[in-house]
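Close look at the chain arrangement
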Amino acid sequence: MTVPAPTSAQRAANGLVWGFVALVLVFLYAPMVPPVLRSFAGASVENGGLFASYRAIFDDPLLIGGIWNTVMIGAIVAVVTPVLALAIAQALREWQKPRLILGLVLLPLFVPGVSMGVAMAVFFKVLGVEPSLLTMSVVQILWALPFATLVIMTVMASFDETYLEAAYVLGSNRFAAFWKVELPCIRQGLFGAAAFSLILSFNETIRTSIVQGGRNTVQTYLWSQYQQVGLSPALYALMTLLIVATLALMAGIVVVTRRRQLP
Amino acid sequence: MKSIRFDALLRVLVLGLPLLLVAILILGPLGIMVAVSFWKKTGFAMVPDVTWHAYATFLSGVRIEVFWRSLWVAVSSTVLMLLIAYPLAYIVAKKVRPTLVGVTLFLFSVPFLVNFIIRTFSWSDILGRSGFVNSALMGLGLTDAPLDWLLYSDFAVYLGLVTAYMPFMIFPIWLSLSGTDKRYEQASWVLGEGRLMTFWRVTLPLSLPGVFAAAIFGFVGAFGEFAVSVILGGTGYQLLGNSIISSLNVINYPLASAMSTFAVLVMLILLVAWFFFFDLRLFLGKIMGRQ
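Residues numbered from 1 in each chain as written. Chains lettered and ligands numbered in written order. Predicted model: local features only at pLDDT ≥ 70, side-chain atom pairs only at ≥ 80, totals over all residues. Heavy atoms only, no water.

Note the threshold: UniProt positions are given in the numbering used here, feature names are shortened, and annotations may be inferred rather than shown by experiment.
The name that an unreviewed UniProt entry assigns to chain B is ABC transmembrane type-1 domain-containing protein, with the source organism given as Rhodobium orientis. Here is the UniProt Sequence similarities (unreviewed entry) comment for chain B, exactly as written: "Belongs to the binding-protein-dependent transport system permease family. CysTW subfamily." Regarding chain B, the relevant UniProt record gives this comment under Subcellular location (unreviewed entry): "Cell membrane".

By the naming in an unreviewed UniProt entry, chain A goes by ABC transmembrane type-1 domain-containing protein and is assigned to Rhodobium orientis. Recorded in UniProt for chain A, the comment headed Sequence similarities (unreviewed entry) runs: "Belongs to the binding-protein-dependent transport system permease family. CysTW subfamily."

Spelled out as structure tokens, the structure:
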């Protein structure tokens, strides 16, 4: 079958379509540029070289503490969320109650961030739980869970369950079948969910800031500094680092999923 | 026999406990928040009570104005976001080559994952009086003086909201567009309907579950917004999120809870309507695989 050459009207319509896509992408990506420019603005040899504002990050002990908290919470969220999401996705397949279970897990996605923060804050307050890295982690895990669950469900959907039945027929029990047959097949989904959770943790502000008490993460520190004294070159440097870290993690996800597709 | 029963019990525990934990951690806070919204504030503390006091404070005075403005901004920006997200989802579902669909969706999701407060800071940089847009316009000789309506205006707020929430709305719409059976459209063509009428009467109605899910997401985000209004709306531009945060700043938990309960209630009504009108299985078939 030969495809007829496109008429000029079709070509114009196609140009319009891709022009629209390109325009939207420009609008979406443009906000990543200014922090980078700002972090290098005014850099000169007298002012301490190109990376002066990056070095200034380390002059602020509050910020160092914030970075430490961010890394700790990120690690907790990235480990706990995929495991919870895997259990939920397995329960979903096992019990066939998608409306109930998914409705529950996806709920935090639809609650405004401020409201979820308020709910968690009064919850911990009424129960007498002091704000800590753990309470901050819980809030972020609930935020990352819907995304992680969807990632794992997508990967599980491409896993053929007859392999499990084959394992049962061959005398394997449920756990061994899962561990030795299914898990290796969906491992990439778990890594993807972990990377996703880490990204969401690094970029979460408002829920965390409401339950944080005296501590700060990098993000909540940025937000409170903006409201109190405005943004400094060091904070722009920090934003640049956060953007770079997020892009690097996304690139990591691409590399891992690519490897899955290639035999 | 015993080991089989033990195995089944273990399985219920392994799969059920995480689910129970998540249920407690999601529904518990929301339930307690609703309860606290009826409590009474005494100084810096609160005492259990059943009073409409917090709701009365919310529904009188300036806070109700903030509520109406939030509602209007949320509805209008959601319509705007749908008008952008739907064509994008349609293009990804129908025009992009299947091998490139993943890459295209990825390109749209990357900015969504970068903290939206940082992205909102950037817009105030780009749109400011000495920002990129004004410099470019004046450099090209298109304007003599910086445009004032670019920043601290409705325009800036809508731009911030659209770039913050629109990217995520592409996904549910794309899910339901790519999940529908192509043969419905082909049947419509065979029966003599034109492309436009086929879209209007077949494609669009079949994609409504995704559109509605996307609309809820965008609406809820804009409704409870706090950062875009402060950074891009300028002093005094308040949305519901700001109102809630300001009541938290004076440690009035019952009032913060009452306003949050209101926001969650609006969201729940929309979600229940969504469950009521559409079949979740149909929508999620693509993710859940064979049923």
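**A short note on the layout of surface pockets**
Gaps between atoms show up when a probe of the same size as a water molecule is rolled over them. To be explicit about the condition: Every definition here rests on a 1 Å grid over the protein atoms only: cavities are sets of points where a 1.4 Å probe fits but cannot get out, pockets are open sets enclosed by protein on both sides within 12 Å along at least five of seven lines, and lining residues have some atom within 4 Å of a point. Grid points are joined across faces, edges and corners, and a volume is the space filled by probe spheres set on the points. Strands here mean DSSP runs of E at least two residues long; helices mean DSSP runs of H or I at least four residues long; both are numbered from the N terminus. Charged means Asp, Glu, Lys or Arg here, nonpolar means Ala, Val, Leu, Ile, Met, Phe, Trp, Tyr, Cys or Pro, and polar covers whatever is left, Gly included.
Taken as a whole, the second largest pocket holds about 950 Å³ of empty space. Taken together, 24 residues make up the lining of the second largest pocket; nearest its centre are Tyr90, Lys94, Lys95, Trp189 and Arg195 of chain B. Those elements that provide at least two residues to the lining of the second largest pocket are helix H1 (8-29) of chain A together with helix H3 (62-95), helix H7 (154-179), helix H8 (182-190) and helix H9 (195-206) of chain B. Tallied by class, the residues present in the lining of the second largest pocket amount to 13 nonpolar, six polar and five charged.

**Here we look at the environment of Phe121 of chain B**
As a reminder of what qualifies: Three exposure classes are used, based on accessible area relative to the maximum for each residue type with a 1.4 Å probe and protein chains only: buried under 20%, partly exposed in between, and exposed over 50%. Any pair of residues with heavy atoms lying within 4.5 Å of one another is described as a contacting pair.
Along the polypeptide, Phe121 of chain B turns up in helix H5 (residues 116-127). Phe121 of chain B gets classed as buried once you look at its relative accessible area, which sits at 4%. Along the sequence, Phe121 of chain B and Gly160 of chain B sit 39 residues apart, while their C-alpha atoms lie 9.6 Å from each other. Apart from the residues lying within four places of it in its own chain, the contact partners of Phe121 of chain B are Leu222, Trp223, Tyr226, Leu231 and Met239 of chain A together with Ile231 of chain B.

**Focus: the UniProt feature "transmembrane region" (unreviewed entry) in chain B**
Residues and elements named next belong to chain B. Per the UniProt entry, the sites bearing "transmembrane region" (unreviewed entry) are residues 12-39, 71-93, 100-118, 155-177, 198-223 and 262-284 in this numbering. Helix makes up 89% of residues 12-39 and strand 0%, whereas the separation of the span's terminal C-alpha atoms amounts to 38 Å. Helix and strand shares over residues 100-118 are 84% and 0% respectively, and the end C-alpha atoms of the span are 29 Å apart.

**With respect to the interface of chain B and chain A**
The test is simple: Defined here as a combined quantity, buried area equals the accessible surface (1.4 Å probe) lost by two parts on assembly, summed across both. Salt bridges are defined by distance alone: a side-chain nitrogen of Lys or Arg within 4 Å of a carboxyl oxygen of Asp or Glu.
The partner chain A presents 78 residues to the 83 residues of chain B that form the contact. Summed over both sides, the interface between chain B and chain A buries roughly 7200 Å², with carbon and sulfur atoms accounting for 82% of that surface. Of all residues in chain B, the largest losses of buried area upon contact with chain A belong to Leu15, Leu113 and Phe121 of chain B, amounting jointly to 9% of the total for that side. Counting across the chain B and chain A interface gives two salt bridges.

**Some words on the pattern of salt bridges**
With the rule as written, the count across this model stands at seven salt bridges over all chains. Arg38 of chain A serves as the salt-bridge partner of Asp125 of chain B, at 2.4 Å between the closest nitrogen and oxygen. Highlighted residues: Asp125 of chain B in helix H5 and Arg38 of chain A in helix H2 (residues 33-40), drawn from two different chains. The shortest N-O distance in the salt bridge between Lys40 of chain B and Asp49 of chain B comes to 3.7 Å. Overall, Lys40 of chain B belongs to the partly exposed group, its relative accessible area being 38%.

**Overview of the domain arrangement of chain B**
All names here are of chain B. The following threshold applies: Segmentation into domains, and thus their bounds, comes from an automatic or database assignment. N or O atoms closer than or at 3.5 Å make up a polar contact, with two conditions inside protein: a donor-capable atom paired with an acceptor-capable one, and, for residues adjacent in sequence, both atoms drawn from side chains.
Domain assignment breaks chain B into domain 1 (1-36) and domain 2 (52-288). Just the C-alpha atoms count here: the centres of domain 1 and domain 2 sit 33 Å apart. Every contact between the two is made by four residues of domain 1 and, on the other side, six residues of domain 2. For the pair domain 1 and domain 2, the summed buried area comes to about 400 Å², and 75% of that belongs to carbon and sulfur atoms. Between domain 1 and domain 2 we count zero salt bridges in total. Taken together, the links from domain 1 to domain 2 amount to zero residue pairs in polar contact (both at pLDDT 80 or more).

**What about a nonpolar patch on the surface?**
Filter applied, for reference: A residue counts toward a patch only above 30% relative accessible area and without a salt bridge, and it is joined to like-charged neighbours within 9 Å or, for Val, Leu, Ile, Met, Phe, Trp and Tyr, to nonpolar neighbours within 5 Å. Working definition of accessibility: Shrake-Rupley area with a 1.4 Å probe, residue cover restricted to the visible protein chains.
A cluster of nonpolar side chains, Leu9, Leu13, Leu17, Leu20 and Ile24 of chain B, forms an exposed patch at the surface whose accessible area comes to about 480 Å². Locating Ile24 of chain B in the fold gives a position in helix H1 (residues 2-36).

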